[in-house]
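Residue-level listing of the chains:
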Amino acid sequence: MHKWTMVIDLDKCTGCMACTVACKAENNIPFSDPEQAALGRTISWMEVMTTTEGEYPHVKTRFIPRPCMQCEKPPCTKVCPVYATYRNPEGIVAQVYPRCIGCRYCTNACPYTVKYFNWYQPSWPAEMQQCLNPDVTVRPVGVVEKCTFCHHRLQKAKGIAKGEKRELQDGDYVAACVQSCPAEAMYFGDINDPKSKVSQMAKSSRAFKLLEDLGTEPKVIYLTEGEWYGVRKD
């Protein structure tokens, strides 16, 4: 069974936010007007967090891309009363939008704050409606949405592999954020495949996970170096 994993090398990330733009375009994520954004009402499945280290004038900024962690033990799935969010056999925490009742229990349970509630009916200007991805549904008002590792791309890759009468191979399925990264700081693949790049990178002494002490077992792995964020290099 596949287990899809993302590895992000923080030493390569430049904070360009190409991953955020690609995620919005690929997944038909609605945007907020300036007034709503000023109130903190935005939807972004992929965010780039920033942190600084050092003292002026020797200050260094670090960037941390943050998609859904696709936890092995996701707390969000345990609190949903209608089973609208669940972990599928391949390790992706999925959302069933028609089933969601908007109670937002899952958003409160998620320690990574990567789930967003659609508080208004999304709309796009006429000139932008032609840019919507036909492979992805437009979520209505009143549901919770999140990153699903571009799950629709996985279904397409499986269909192509089946048509060619072969197994799904490493590199056939890549999330939009990973594909768009100009610095090649993001990697994607099956961690259960010992030959895949993510499987090999996950064994690095530089590897760590966000808030892994909580026991959620996230499948997004970060690479860093030195004694940054409490991570020591062996």
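Model, not experiment: these values are computed from the prediction.

(A) Structural view of the overall build of the protein chain. Along its length, the protein chain carries 8 helices and 10 strands. For 234 residues, the compact-globule formula gives about 17 Å, and the C-alpha radius of gyration of the protein chain, at 18 Å, lands near that figure. The principal-axis extent of the C-alpha atoms belonging to the protein chain is close to 55 × 50 × 40 Å. Buried positions account for 44% of the 234 residues belonging to the protein chain. Considering only intrachain contacts with a sequence separation of at least 6, the fraction spanning at least 24 residues in the protein chain is 63%. Here the protein chain displays about 12500 Å² of accessible surface, and carbon together with sulfur accounts for 52% of that area. Both charge centroids of the protein chain, one from 29 positive and one from 26 negative side chains, sit 5 Å from each other.

(B) Geometry of the nonpolar core. Met6, Phe149, Met186 and Tyr222 are the most contacted members of the largest nonpolar core, which totals 50 residues. Within the residue set of this core, elements represented by two or more residues are strand S1 (4–9), helix H1 (18–26), helix H6 (151–163), helix H7 (176–180), strand S8 (186–190) and strand S10 (220–223). With 6 residues, the next largest nonpolar core counts Val7, Tyr187, Met201 and Leu223 among its residues.

(C) Expanded view of the sheet that holds S8. The 4 strands are arranged S8-S1-S10-S9 in an open sheet whose pairing can be described as mixed. Strands with a single pairing partner mark the edges of an open sheet, and in this sheet they are S8 and strand S9 (207–208).

(D) How the structure looks around the packing of aromatic side chains. The final tally for this structure, using the stated rule, is 7 aromatic pairs. Ring pairs connect the aromatic residues Trp4, Phe149, Tyr173 and Phe188, which therefore count as one cluster. When the ring centre of phenylalanine 117 is taken as reference, the NZ or CZ atom of arginine 104 above it lies at 4.2 Å. Against the face of tyrosine 97 rests arginine 139, its NZ or CZ located 5.9 Å from the ring centre.

(E) Region of the structure containing the side chain of asparagine 27. In this structure, asparagine 27 sits in the loop between H1 and helix H2 (34–38). Taking relative accessible area as the criterion, asparagine 27 reaches 3% and is therefore assigned buried. Those residues in contact with asparagine 27, other than ones at most four positions away along the chain, are Trp45, Val136, Arg139, Cys150 and His152.

(F) Looking closely at the environment of arginine 104. Here arginine 104 shows up in the loop between strand S5 (93–95) and helix H4 (105–109). As a C-alpha pair, arginine 104 and glutamate 167 span 63 residues in sequence and 38 Å in three-dimensional space. Beyond its immediate sequence surroundings of up to four residues, arginine 104 is in contact with Phe117 and Val144.

What counts, and where the lines are drawn
- Residues numbered from 1 in each chain as written.
- Predicted model: local features only at pLDDT ≥ 70, side-chain atom pairs only at ≥ 80, totals over all residues.
- Heavy atoms only, no water.
- Helix = DSSP H or I, 4+ residues; strand = E, 2+ residues; numbered from the N terminus.
- Rg over C-alpha atoms; globule rule 2.2 N^0.38 Å.
- Buried < 20%, exposed > 50% of the residue type's maximum accessible area, 1.4 Å probe, protein only.
- Contact = heavy atoms within 4.5 Å.
- Areas by Shrake-Rupley, 256 points an atom, 1.4 Å probe, with all protein chains shown as cover.
- Lys, Arg positive; Asp, Glu negative; His and termini not counted.
- Charge placed at Lys NZ, Arg CZ, Asp CG, Glu CD.
- Core = buried A, V, L, I, M, F, W, Y, C linked by side-chain atoms within 4.5 Å.
- Pairing = 2+ DSSP bridges.
- Phe/Tyr/Trp six-rings, centres within 6.5 Å; stacked < 30°, edge-to-face > 60°.
- Lys NZ or Arg CZ within 6 Å of the ring centre and 35° of its normal.

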